[in-house]
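# Observations on the model geometry
Listed below are the residues making up each chain.
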Amino acid sequence: MKVQLLSALNDTNVDATQLSNQRQLAISISSIADELDPSLPLNLCLILDKSGSMHGEPMNTVIQAVEQLLAQLKPGDHISIVAFAGTSEVIIPNQIVQDTERIKFQLHKRLKPGGGTIIAEGLSLGITELLKGTKGAVSQAFLLTDGHGDRGLKIWKWEMGPNDNKRCLELAQKATRVSITLNTFGFGNNWNQNLLEKIADAGGGTLAYIERPQQAVDQFSRLFKRIQSVGLTNAHLLLSLVPGVRLAELKPIAQVAPETIELPVETEANGSLIVRLGDLMKDVERVVLANIYLGELPPGEQVIGHIQIRYDDPAINQEGLLSPLTPIYANFTKSYQPALDSQVIKSILVLAKYRQTQVAEAKLEQGDRTGAITMLQTAAKTALQIGDIGAATVLQSSATRLQAGEELSEADRKKTRIVSKTILSE
């Protein structure tokens, strides 16, 4: 298994007469499989909400989705199942998949709805189960909930009980340190999209929306196929820039494919910048966009930095492998003429759609209805520019409802959030 690493600027030509030039650097990363490369075994934990609100059809469809997943697991894959409500319990301890009928029996017997929703309890127990099977495998969790986490008891400035949301984010960050990826599924219309998005983003995974119970099977299957295609794990982007070239100070790096995520940047001891990417899928690009500023450099083609990927290859049980060091070039010229890259410009618009939608949501929360309408309309136009018709329809529909004096339903808000990050799957 090898890493494919490509980079391009939105405009390769740079005006050498200017003291500073801003550019967007798109970096594409994927794992390339040889014909003889084996598929990696999966280490999958399902962390399922069994609170009282899941009673009836919701729980029945979740069980059906789990059963379909079990049928797709291969010899050597690991499975564990955790359920949570007011407390959490291990329904299926981490084990190699052998007797799926026995697992189904335990699932039906023990996954009984009832109680409140304390997500962190389930997340903590799920991570513990995953840690039992991480060696040589792709370790991922599916966290499904239809509710909000318990915020704990707060009297004036003092927290009297644990804050579930805060604990969830701390656990998501810890999971990435042990090469575990967290995917989140919002079930119905009453879940906390801010929390589940943050868990998925921090955990290097995907946020999915199950609006109707009947969609559970398709959404589980969609993400399951994705994790089956993982070729390399625990990938980090290493970026070094030459003197006179720097990252923007505010939100300098974001992922734009397969989903849009704002990525935190850390600095290593040698001055290199490091960004965690998580698992790399086979022949599926992960595209990262960096906002950089270039100072004065001599005319001609100049190296403005280097990129490299650090990763683990579970198939050969090796960690901390490095891809070849790849230079980044820019052409400095005193007779500047733009040399635009259409694919990078599309990536810029994908990120713009996400950030415009974020601004719209913030304005709506602040009571600025007019500002929210304007930004939703802008985001819809941006979506049309990149050919994302589904997102444009959802965003414009939300703007139209607000213009008509209506309130956005919980379903409207969740669809708006999902289409800002990716293409909505019906």
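Preceding this paragraph is the structure being described.
Now for a quick tour of the structure. (Residues numbered from 1 in each chain as written. Predicted model: local features only at pLDDT ≥ 70, side-chain atom pairs only at ≥ 80, totals over all residues. Heavy atoms only, no water.)

Any aromatic ring pair is given by two values, namely how distant the centres are and how the planes are angled relative to each other. Under the counting rule described, the total for this entry stands at four aromatic pairs. Residues F142 and F185 carry aromatic rings whose centres are separated by 5.0 Å and whose planes lie at 55° to one another, so their mutual orientation is tilted. Of the two residues, F142 sits in strand β7 (residues 138-145) while F185 sits in strand β10 (residues 180-187), which places them 43 residues apart along the sequence. On the basis of relative accessible area, F142 is assigned to the buried category, the value being 0%. An aromatic cluster is defined as three or more aromatic residues linked by ring pairs; in this entry it consists of F142, F185 and F220. (Phe/Tyr/Trp six-rings, centres within 6.5 Å; stacked < 30°, edge-to-face > 60°. Helix = DSSP H or I, 4+ residues; strand = E, 2+ residues; numbered from the N terminus. Buried < 20%, exposed > 50% of the residue type's maximum accessible area, 1.4 Å probe, protein only.)

Let's shift gears to the pairing of strand β5 (residues 78-84). Most of β5 is tucked away: seven of the seven residues are buried. Judged by which residues are buried, β5 turns out to be covered on both faces: H78, S80, V82 and F84 on one side and I79, I81 and A83 on the other are all buried. Looking at chain direction, strand β4 (residues 42-49) and β5 are connected through seven bridges and run parallel. Residue pairing in the sheet places L44 in a bridge with I79 of β5. Note on the crossover from β4 through helix α1 (residues 57-72) to β5: the handedness is right-handed. Here β5 runs beside strand β6 (residues 88-96); their pairing, made up of six bridges, is antiparallel. Opposite V82, over in β6, you have V90 as the bridge partner. (Pairing = 2+ DSSP bridges. Right-handed = clockwise from strand over helix to strand, strands pointing away.)

Turning next to the environment of D49. Locating D49 in the fold gives a position in strand β4. A relative accessible area of 1% places D49 in the buried class.

With that out of the way, let us pick up the packing of helix α4 (residues 164-177) against helix α5 (residues 193-202). Direction vectors running N to C along α4 and α5 enclose 15°, while the axes themselves pass 8 Å from each other. One element, α4, and the other, α5, form an angle in the roughly parallel class. The way α4 lies across α5 gives a crossing that is right-handed. Packed against α4, whose contacting residues are N165, C168, L169, A172, Q173 and T176, the element α5 presents L195, K198, I199 and A202 at the interface. Residues belonging to the contact of α4 with α5 are distributed by class as follows: six nonpolar, three polar and one charged. (Axes fitted to C-alpha atoms, helices over the stretch in contact; angles between N-to-C directions. Parallel < 35°, antiparallel > 145°, perpendicular 65-115°, else oblique. Left-handed = near helix turned anticlockwise from the far one by under 90°. Contact = heavy atoms within 4.5 Å. Nonpolar A, V, L, I, M, F, W, Y, C, P; charged D, E, K, R; others polar.)

Following A257, the chain continues to P258 via a peptide bond in cis, the omega torsion being 5°. When you line up the elements, P258 lands in the loop between β14 (253-257) and β15 (261-262). Look at N234: it is not a glycine, yet its phi comes out positive at around 55°. In this model, K251 sits at a positive phi of 45°, which is unusual for a non-glycine residue.

Before going further, it helps to spend a moment on helix α8 (residues 369-385). Under the 1.5 Å per step criterion, the end-to-end length of α8 is 25 Å for 17 residues, consistent within 8% with the ideal 24 Å. Of all the residues in α8, the buried ones are G371, A372, I373, M375, L376, A379, A380, T382 and A383. Against α7 (342-365), α9 (389-403) and α10 (410-421) lie the buried residues of α8. Count one or two residues on from α8 and you reach G387, which has phi positive near 80°. (Expected span 1.5 Å × (residues − 1).)

Moving on: the pattern of salt bridges. Any two side chains of opposite charge can pair, so long as their charged atoms come close to each other. Counted under the stated rule, the structure contains 22 salt bridges. For R23, the salt bridge is made with D11, and the minimal N-O distance between the two is 3.7 Å. With R23 in strand β3 (residues 21-32) and D11 in the loop between β1 (2-9) and β2 (13-15), the pair connects residues that are twelve residues apart, well separated along the chain. Each member of the pair, R23 as well as D11, carries the same accessibility label: buried. The salt bridge involving D368 is made with K363; its shortest N-O contact spans 3.7 Å. On the accessibility criterion, D368 (30% relative accessible area) is partly exposed. Classification of K363 as partly exposed rests on a relative accessible area of 24%. Where salt bridges share partners, they join E197, D201, E361, R417 and K421 into one cluster. (Salt bridge = Lys/Arg side-chain N within 4 Å of Asp/Glu carboxyl O.)

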